[in-house]
Amino acid sequence: MHLARFPRIFLAHLPTPLERLDRLSKELGGPEIWIKRDDCTGLSTGGNKTRKLEFLMAEALAQGADTVITQGATQSNHARQTAAFAAKLGVACHILLEDRTGSNDSNYNTNGNVLLDHLHGATTSRRAGGVDMPAEMELLADRLRGDGRKPYIIPGGGSNPTGALGYVNCAFELVAQANDRGLVIDHLVTATGSAGTQAGLITGLKAMNAGIPLLGIGVRAPKEKQEENVFALAQRTAEKLGCPTVVSRGDVVADCSYVGAGYGIPRADTLEAIAMFAQLEGILLDPVYSGKGAAGLIDLVRKGHFSKGQRVVFLHTGGAAGLFGYDAIFAEERKALVV
Ligand SMILES: *Cc1c(COP(=O)(O)O)cnc(C)c1O
(Lines give C-alpha, C1' and ligand atoms only; values in the text may rest on other atoms or scores of the structure.)
Protein backbone atom coordinates (compact mmCIF):
# COMPACT_ATOMS: atom_id res chain seq x y z
CA MET A 1 0.00 0.00 0.00
CA HIS A 2 1.47 3.22 -1.18
CA LEU A 3 0.03 6.29 0.52
CA ALA A 4 2.46 8.63 -1.22
CA ARG A 5 0.15 8.38 -4.24
CA PHE A 6 -2.30 10.68 -2.44
CA PRO A 7 -1.79 14.43 -2.03
CA ARG A 8 -0.70 15.24 1.50
CA ILE A 9 0.60 18.26 3.37
CA PHE A 10 3.19 17.07 5.88
CA LEU A 11 2.60 19.01 9.05
CA ALA A 12 1.91 16.53 11.84
CA HIS A 13 4.61 15.76 14.39
CA LEU A 14 5.16 12.11 13.48
CA PRO A 15 5.72 9.44 14.56
CA THR A 16 3.83 10.09 17.77
CA PRO A 17 5.35 8.41 20.84
CA LEU A 18 4.35 4.89 21.94
CA GLU A 19 4.75 4.71 25.72
CA ARG A 20 4.08 2.22 28.51
CA LEU A 21 1.72 3.34 31.28
CA ASP A 22 3.38 1.71 34.29
CA ARG A 23 1.41 3.28 37.10
CA LEU A 24 -1.99 2.84 35.44
CA SER A 25 -1.18 -0.78 34.56
CA LYS A 26 -0.12 -1.49 38.15
CA GLU A 27 -3.18 0.23 39.61
CA LEU A 28 -5.53 -1.87 37.48
CA GLY A 29 -3.56 -5.10 37.91
CA GLY A 30 -4.47 -6.46 34.49
CA PRO A 31 -2.68 -6.29 31.14
CA GLU A 32 0.27 -4.07 30.31
CA ILE A 33 -1.29 -0.82 29.09
CA TRP A 34 0.49 1.25 26.46
CA ILE A 35 -0.49 4.54 24.91
CA LYS A 36 -0.07 5.85 21.39
CA ARG A 37 0.24 9.60 21.82
CA ASP A 38 -1.88 11.04 19.03
CA ASP A 39 -2.61 13.87 21.44
CA CYS A 40 0.91 14.96 20.45
CA THR A 41 0.41 15.37 16.69
CA GLY A 42 1.05 19.10 16.88
CA LEU A 43 -1.33 21.67 15.38
CA SER A 44 -3.00 23.79 18.05
CA THR A 45 -2.56 21.38 21.00
CA GLY A 46 -2.74 18.27 18.81
CA GLY A 47 -5.24 15.47 18.39
CA ASN A 48 -6.42 12.92 15.89
CA LYS A 49 -7.73 15.39 13.29
CA THR A 50 -4.21 16.48 12.34
CA ARG A 51 -3.54 13.21 10.51
CA LYS A 52 -6.83 13.40 8.61
CA LEU A 53 -6.37 17.05 7.72
CA GLU A 54 -2.98 16.39 6.13
CA PHE A 55 -4.84 14.57 3.35
CA LEU A 56 -8.04 16.65 3.36
CA MET A 57 -6.29 20.01 3.17
CA ALA A 58 -4.01 18.78 0.40
CA GLU A 59 -7.11 17.78 -1.56
CA ALA A 60 -8.66 21.20 -0.88
CA LEU A 61 -5.58 22.99 -2.27
CA ALA A 62 -5.39 20.60 -5.24
CA GLN A 63 -8.97 21.65 -6.07
CA GLY A 64 -8.06 25.33 -5.88
CA ALA A 65 -10.01 26.08 -2.70
CA ASP A 66 -9.52 29.44 -0.98
CA THR A 67 -11.96 28.65 1.83
CA VAL A 68 -12.75 25.59 3.92
CA ILE A 69 -16.06 24.90 5.61
CA THR A 70 -16.56 22.34 8.34
CA GLN A 71 -18.90 21.55 11.21
CA GLY A 72 -18.93 20.02 14.65
CA ALA A 73 -20.30 20.30 18.16
CA THR A 74 -19.62 23.52 20.07
CA GLN A 75 -16.48 22.10 21.70
CA SER A 76 -15.33 20.38 18.49
CA ASN A 77 -11.64 19.52 18.43
CA HIS A 78 -11.95 18.92 14.70
CA ALA A 79 -13.15 22.51 14.20
CA ARG A 80 -10.20 23.89 16.20
CA GLN A 81 -7.65 21.83 14.29
CA THR A 82 -9.21 22.71 10.93
CA ALA A 83 -9.07 26.41 11.87
CA ALA A 84 -5.37 26.06 12.74
CA PHE A 85 -4.52 24.17 9.53
CA ALA A 86 -6.40 26.76 7.46
CA ALA A 87 -4.43 29.54 9.17
CA LYS A 88 -1.18 27.77 8.33
CA LEU A 89 -2.19 27.55 4.65
CA GLY A 90 -3.64 31.06 4.46
CA VAL A 91 -7.13 29.92 3.47
CA ALA A 92 -10.34 31.18 5.08
CA CYS A 93 -12.20 28.90 7.49
CA HIS A 94 -15.91 28.91 8.33
CA ILE A 95 -17.15 26.63 11.07
CA LEU A 96 -20.74 25.68 11.80
CA LEU A 97 -21.15 24.70 15.44
CA GLU A 98 -24.08 22.48 16.38
CA ASP A 99 -25.50 22.87 19.87
CA ARG A 100 -25.64 19.16 20.67
CA THR A 101 -25.61 19.46 24.48
CA GLY A 102 -27.92 22.44 25.11
CA SER A 103 -25.42 23.75 27.67
CA ASN A 104 -25.75 27.40 28.73
CA ASP A 105 -22.39 27.34 30.51
CA SER A 106 -20.37 30.33 29.45
CA ASN A 107 -17.04 28.49 29.29
CA TYR A 108 -18.63 25.69 27.27
CA ASN A 109 -19.87 28.20 24.72
CA THR A 110 -16.88 30.53 24.47
CA ASN A 111 -13.78 28.97 26.06
CA GLY A 112 -11.72 25.88 25.21
CA ASN A 113 -11.93 24.94 21.55
CA VAL A 114 -14.23 27.88 20.72
CA LEU A 115 -11.62 30.34 22.01
CA LEU A 116 -8.99 28.64 19.87
CA ASP A 117 -11.23 28.60 16.74
CA HIS A 118 -11.38 32.37 17.02
CA LEU A 119 -7.69 32.83 17.86
CA HIS A 120 -6.94 31.05 14.58
CA GLY A 121 -9.17 33.56 12.80
CA ALA A 122 -12.00 31.19 11.86
CA THR A 123 -15.55 32.48 11.79
CA THR A 124 -18.13 30.41 13.64
CA SER A 125 -21.90 30.35 13.44
CA ARG A 126 -24.21 28.33 15.60
CA ARG A 127 -26.91 25.89 14.64
CA ALA A 128 -29.54 24.21 16.80
CA GLY A 129 -28.99 20.60 17.84
CA GLY A 130 -30.36 18.03 15.39
CA VAL A 131 -30.16 20.32 12.34
CA ASP A 132 -28.99 18.71 9.06
CA MET A 133 -25.41 19.97 9.30
CA PRO A 134 -24.18 18.65 5.92
CA ALA A 135 -27.08 20.52 4.27
CA GLU A 136 -26.17 23.67 6.22
CA MET A 137 -22.61 23.40 4.93
CA GLU A 138 -23.87 23.06 1.35
CA LEU A 139 -26.02 26.18 1.77
CA LEU A 140 -23.04 28.14 3.04
CA ALA A 141 -20.86 26.84 0.21
CA ASP A 142 -23.45 27.97 -2.36
CA ARG A 143 -23.53 31.42 -0.81
CA LEU A 144 -19.74 31.67 -0.83
CA ARG A 145 -19.56 30.52 -4.46
CA GLY A 146 -22.04 33.29 -5.26
CA ASP A 147 -19.52 35.71 -3.75
CA GLY A 148 -16.81 34.35 -6.02
CA ARG A 149 -15.12 32.16 -3.39
CA LYS A 150 -13.94 28.59 -3.88
CA PRO A 151 -15.11 26.64 -0.84
CA TYR A 152 -14.10 23.09 0.05
CA ILE A 153 -16.34 21.20 2.46
CA ILE A 154 -14.75 19.00 5.10
CA PRO A 155 -17.28 16.62 6.66
CA GLY A 156 -17.73 16.55 10.45
CA GLY A 157 -14.72 14.95 12.11
CA GLY A 158 -12.91 14.89 8.76
CA SER A 159 -14.40 11.45 8.30
CA ASN A 160 -14.48 10.45 4.67
CA PRO A 161 -12.12 8.13 2.76
CA THR A 162 -9.60 10.95 2.21
CA GLY A 163 -9.44 11.82 5.91
CA ALA A 164 -9.35 8.15 6.92
CA LEU A 165 -6.07 7.77 5.00
CA GLY A 166 -4.47 9.55 7.95
CA TYR A 167 -5.41 6.62 10.17
CA VAL A 168 -4.40 4.01 7.62
CA ASN A 169 -1.01 5.68 7.95
CA CYS A 170 -1.26 5.61 11.76
CA ALA A 171 -1.80 1.84 11.63
CA PHE A 172 1.40 1.48 9.59
CA GLU A 173 3.27 3.74 11.98
CA LEU A 174 2.11 1.87 15.08
CA VAL A 175 2.97 -1.56 13.70
CA ALA A 176 6.39 -0.31 12.57
CA GLN A 177 7.07 1.00 16.10
CA ALA A 178 5.99 -2.32 17.60
CA ASN A 179 8.19 -4.24 15.16
CA ASP A 180 11.19 -2.03 15.84
CA ARG A 181 11.08 -2.72 19.56
CA GLY A 182 9.85 -6.31 19.50
CA LEU A 183 6.56 -5.37 21.12
CA VAL A 184 3.67 -7.75 20.53
CA ILE A 185 0.40 -5.78 20.60
CA ASP A 186 -2.58 -7.92 21.60
CA HIS A 187 -5.32 -5.27 21.38
CA LEU A 188 -5.79 -1.72 20.22
CA VAL A 189 -8.49 0.45 21.85
CA THR A 190 -9.64 3.91 20.81
CA ALA A 191 -12.58 6.27 21.14
CA THR A 192 -14.82 6.27 18.07
CA GLY A 193 -17.17 9.04 16.95
CA SER A 194 -17.51 10.16 13.34
CA ALA A 195 -15.78 6.86 12.43
CA GLY A 196 -12.74 7.99 10.42
CA THR A 197 -10.20 7.01 13.04
CA GLN A 198 -11.50 3.49 13.54
CA ALA A 199 -12.20 2.99 9.83
CA GLY A 200 -8.72 4.09 8.79
CA LEU A 201 -7.04 2.03 11.50
CA ILE A 202 -8.92 -1.17 10.70
CA THR A 203 -8.26 -0.74 6.98
CA GLY A 204 -4.54 -0.28 7.59
CA LEU A 205 -4.32 -3.12 10.12
CA LYS A 206 -6.16 -5.55 7.84
CA ALA A 207 -4.23 -4.51 4.73
CA MET A 208 -1.01 -5.31 6.65
CA ASN A 209 -2.48 -8.51 8.07
CA ALA A 210 -1.32 -7.20 11.46
CA GLY A 211 -3.52 -9.54 13.47
CA ILE A 212 -4.29 -6.82 16.02
CA PRO A 213 -7.96 -6.65 17.03
CA LEU A 214 -9.29 -3.09 17.25
CA LEU A 215 -12.00 -2.02 19.69
CA GLY A 216 -13.76 1.32 19.32
CA ILE A 217 -15.38 2.82 22.40
CA GLY A 218 -18.39 4.78 21.17
CA VAL A 219 -19.13 8.35 22.23
CA ARG A 220 -22.48 8.93 20.54
CA ALA A 221 -24.32 6.33 18.47
CA PRO A 222 -25.55 2.93 19.64
CA LYS A 223 -23.34 -0.09 18.86
CA GLU A 224 -25.07 -1.39 15.72
CA LYS A 225 -25.20 2.04 14.10
CA GLN A 226 -21.62 2.89 15.06
CA GLU A 227 -20.29 -0.38 13.68
CA GLU A 228 -22.27 0.10 10.45
CA ASN A 229 -20.88 3.63 10.04
CA VAL A 230 -17.31 2.49 10.63
CA PHE A 231 -17.68 -0.53 8.33
CA ALA A 232 -19.18 1.56 5.50
CA LEU A 233 -16.33 4.08 5.72
CA ALA A 234 -13.70 1.34 6.01
CA GLN A 235 -15.04 -0.24 2.82
CA ARG A 236 -14.89 3.07 0.95
CA THR A 237 -11.40 3.72 2.28
CA ALA A 238 -10.23 0.27 1.21
CA GLU A 239 -11.71 0.88 -2.25
CA LYS A 240 -9.81 4.14 -2.51
CA LEU A 241 -6.66 2.20 -1.70
CA GLY A 242 -7.36 -0.51 -4.26
CA CYS A 243 -8.00 -3.34 -1.79
CA PRO A 244 -11.81 -3.30 -1.61
CA THR A 245 -12.38 -6.59 0.22
CA VAL A 246 -9.74 -6.29 2.91
CA VAL A 247 -12.09 -5.37 5.79
CA SER A 248 -14.97 -7.62 6.78
CA ARG A 249 -17.94 -6.69 8.95
CA GLY A 250 -16.63 -8.83 11.81
CA ASP A 251 -13.42 -6.78 12.00
CA VAL A 252 -15.42 -3.75 13.09
CA VAL A 253 -16.21 -3.89 16.80
CA ALA A 254 -17.57 -1.03 18.88
CA ASP A 255 -18.61 -1.01 22.53
CA CYS A 256 -21.05 1.83 23.07
CA SER A 257 -21.93 1.24 26.71
CA TYR A 258 -19.96 4.24 28.01
CA VAL A 259 -21.86 7.01 26.19
CA GLY A 260 -24.22 7.83 29.08
CA ALA A 261 -26.83 10.54 28.59
CA GLY A 262 -25.45 11.49 25.19
CA TYR A 263 -22.70 13.00 23.10
CA GLY A 264 -20.60 15.51 25.01
CA ILE A 265 -22.16 14.68 28.37
CA PRO A 266 -19.61 13.01 30.64
CA ARG A 267 -20.51 10.26 33.12
CA ALA A 268 -18.95 9.58 36.52
CA ASP A 269 -16.64 6.97 34.98
CA THR A 270 -15.53 9.53 32.34
CA LEU A 271 -14.40 11.83 35.15
CA GLU A 272 -12.74 8.92 36.97
CA ALA A 273 -10.78 8.02 33.83
CA ILE A 274 -9.69 11.64 33.36
CA ALA A 275 -8.54 11.76 37.00
CA MET A 276 -6.69 8.43 36.78
CA PHE A 277 -4.73 9.36 33.65
CA ALA A 278 -3.98 12.82 35.02
CA GLN A 279 -2.88 11.63 38.47
CA LEU A 280 -1.19 8.34 37.65
CA GLU A 281 0.42 9.23 34.33
CA GLY A 282 0.40 13.02 34.01
CA ILE A 283 -1.65 12.69 30.82
CA LEU A 284 -4.67 14.84 29.97
CA LEU A 285 -7.79 13.24 28.52
CA ASP A 286 -10.99 15.05 27.54
CA PRO A 287 -14.62 14.71 28.70
CA VAL A 288 -16.15 14.02 25.25
CA TYR A 289 -13.92 11.42 23.58
CA SER A 290 -10.71 10.18 25.13
CA GLY A 291 -12.20 10.25 28.66
CA LYS A 292 -15.04 7.99 27.54
CA GLY A 293 -12.66 5.80 25.55
CA ALA A 294 -10.41 5.43 28.59
CA ALA A 295 -13.43 4.74 30.84
CA GLY A 296 -14.27 1.84 28.54
CA LEU A 297 -10.69 0.60 28.61
CA ILE A 298 -10.53 0.79 32.43
CA ASP A 299 -13.87 -0.97 32.88
CA LEU A 300 -12.96 -3.76 30.46
CA VAL A 301 -9.62 -4.28 32.25
CA ARG A 302 -11.43 -4.47 35.59
CA LYS A 303 -13.89 -7.00 34.16
CA GLY A 304 -11.03 -9.22 32.98
CA HIS A 305 -11.71 -8.69 29.28
CA PHE A 306 -7.93 -8.69 28.64
CA SER A 307 -5.64 -11.21 30.27
CA LYS A 308 -2.61 -10.49 32.41
CA GLY A 309 0.56 -10.43 30.34
CA GLN A 310 -1.27 -9.13 27.27
CA ARG A 311 -0.35 -5.75 25.87
CA VAL A 312 -3.15 -3.33 25.17
CA VAL A 313 -2.48 -0.08 23.34
CA PHE A 314 -4.84 2.86 23.96
CA LEU A 315 -4.78 5.34 21.09
CA HIS A 316 -5.00 8.76 22.72
CA THR A 317 -6.94 10.88 20.24
CA GLY A 318 -6.39 14.19 22.08
CA GLY A 319 -9.06 16.70 23.04
CA ALA A 320 -7.55 18.30 26.16
CA ALA A 321 -8.35 21.80 24.86
CA GLY A 322 -11.99 20.94 25.55
CA LEU A 323 -11.27 20.68 29.29
CA PHE A 324 -11.42 24.47 29.53
CA GLY A 325 -14.95 24.42 28.18
CA TYR A 326 -15.92 21.82 30.77
CA ASP A 327 -14.29 23.23 33.92
CA ALA A 328 -17.66 23.20 35.74
CA ILE A 329 -17.77 19.40 35.85
CA PHE A 330 -14.62 19.28 37.96
CA ALA A 331 -15.82 21.82 40.54
CA GLU A 332 -16.59 19.27 43.29
CA GLU A 333 -13.28 17.41 43.05
CA ARG A 334 -11.32 20.63 42.99
CA LYS A 335 -12.83 22.02 46.20
CA ALA A 336 -10.92 19.51 48.32
CA LEU A 337 -7.65 20.43 46.63
CA VAL A 338 -7.66 24.11 47.47
CA VAL A 339 -6.00 24.11 50.88
C1 LIG B 1 -12.89 13.47 16.75
C2 LIG B 1 -12.32 12.87 17.96
C3 LIG B 1 -12.41 11.49 18.22
C4 LIG B 1 -13.19 10.55 17.36
O5 LIG B 1 -12.57 10.27 16.15
P6 LIG B 1 -13.49 9.92 14.89
O7 LIG B 1 -12.54 9.75 13.80
O8 LIG B 1 -14.42 11.09 14.74
O9 LIG B 1 -14.24 8.68 15.21
C10 LIG B 1 -11.79 10.99 19.33
N11 LIG B 1 -11.12 11.78 20.19
C12 LIG B 1 -11.03 13.12 20.00
C13 LIG B 1 -10.31 13.92 21.00
C14 LIG B 1 -11.62 13.71 18.88
O15 LIG B 1 -11.54 15.03 18.71
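So, a few notes on the structure that sits alongside this text. Sequence order as written defines residue numbering, which begins from 1 separately in each chain. Where totals are concerned, whole chains, interfaces and linings use all residues; where local detail is concerned, this predicted model gives features only for residues with pLDDT of at least 70, and gives and counts side-chain atom pairs only at 80 or more. Values shown for side chains rest on all heavy atoms present in the structure; no hydrogens or waters enter the calculation.

## Let's talk about the pairing of strand S10 (residues 311-316)
Logical step 1: Residue burial is assigned from relative accessible area. The probe radius is 1.4 Å, only protein chains are included, and a residue is buried under 20% of its type maximum, exposed over 50%, and partly exposed in between. Think of it this way: any DSSP run of H or I at least four residues long counts as a helix, any run of E at least two long counts as a strand, and we number them from the N terminus. With respect to burial, S10 is a largely interior element, five of its six residues being buried.
Logical step 2: At least two bridges found by DSSP between two strands is the condition for calling them paired. Examined bridge by bridge, strand S2 (residues 32-37) and S10 share six bridges and lie parallel to one another. Across the sheet, the residue bridging to isoleucine 33 is valine 312, located in S10.
Logical step 3: In this structure, strand S7 (residues 187-192) lies alongside S10, joined through four bridges in parallel fashion. Within S10, the position partnered with threonine 190 by the bridge is leucine 315.

## Details of the nonpolar core
Logical step 1: We define a nonpolar core as any set of buried Ala, Val, Leu, Ile, Met, Phe, Trp, Tyr and Cys residues linked to one another through side-chain atoms lying within 4.5 Å. Core analysis: the biggest nonpolar cluster contains 28 residues, and Leu24, Val189, Phe277, Leu297 and Phe314 have the highest contact counts within it.
Logical step 2: Contacts between residues were defined by any pair of non-hydrogen atoms, one from each residue, lying within 4.5 Å. Excluding anything up to four places from it in sequence, phenylalanine 277 contacts Leu21, Leu24, Ile35, Gly282, Ile283, Leu285, Ala294, Leu297, Ile298 and Phe314.
Logical step 3: Ile202, Leu233, Ala234 and Leu315 belong to the second largest nonpolar core, which has 26 residues in total.

## What about the pairing of strand S3 (residues 67-73)?
Logical step 1: Of all seven residues making up S3, seven are buried, and the element is well covered by its neighbours.
Logical step 2: Both S3 and strand S4 (residues 92-99) contribute to a ladder of seven bridges, which runs parallel. From the neighbouring strand, valine 68 faces S4, where its bridge partner is cysteine 93.
Logical step 3: Look down the strands so they point away from you; if the path from the first strand over the helix to the second goes clockwise, the crossover is right-handed. A crossover links S3 with its parallel partner S4, the connecting element being helix H3 (residues 77-89), and its sense is right-handed.
Logical step 4: Pairing geometry for S3 and strand S6 (residues 151-153), over three bridges, is parallel. When the bridges of S6 are listed, valine 68 appears paired with tyrosine 152.

## Re the side chain of threonine 82
Logical step 1: Mapped onto the elements of the fold, threonine 82 is located in helix H3.
Logical step 2: Threonine 82 gets classed as buried once you look at its relative accessible area, which sits at 0%.
Logical step 3: Two N or O atoms form a polar contact when they lie within 3.5 Å of each other; inside protein one atom must be a possible hydrogen donor and the other a possible acceptor, and for residues adjacent in sequence the pair counts only when both atoms belong to side chains. Polar contacts involving the side chain of threonine 82 include one to the main-chain carbonyl oxygen of histidine 78, which spans 2.7 Å.
Logical step 4: For threonine 82, the residues in contact, after removing those within four places along its chain, are Leu53, Met57, Val68, Thr70, Cys93 and Ile154.

## Here's the deal with the site of the ligand
Logical step 1: Being near a molecule or strand, for a residue, comes down to having at least one heavy atom within 4 Å of it. If you check the shell around the ligand, you find 16 residues, and the closest are Lys49, Lys52, Ser194, Thr197 and Thr317.
Logical step 2: One of the side-chain nitrogen or oxygen atoms of asparagine 77 is found 3.0 Å away from an oxygen atom of the ligand.
Logical step 3: For every accessible area listed, the method is Shrake-Rupley and the probe measures 1.4 Å; residues are considered covered only by the protein chains on display. In the complex, 98% of the free accessible area of the ligand, which totals 380 Å², lies under the protein chains.
Logical step 4: The set of elements that each furnish at least two residues to the shell around the ligand consists of helix H2 (49-62) and helix H8 (196-208).

## Some thoughts on the environment of valine 313
Logical step 1: Here valine 313 shows up in strand S10.
Logical step 2: Residue valine 313 is classed as buried on the basis of its relative accessible area, which comes to 0%.
Logical step 3: Distance in space between the C-alpha atoms of valine 313 and proline 287 is 20 Å, their sequence separation being 26 residues.
Logical step 4: With residues up to four places along the chain from it excluded, the contact list for valine 313 reads Leu18, Trp34, Ile35, Lys36, Leu174, Ile185, His187, Leu188 and Val189.

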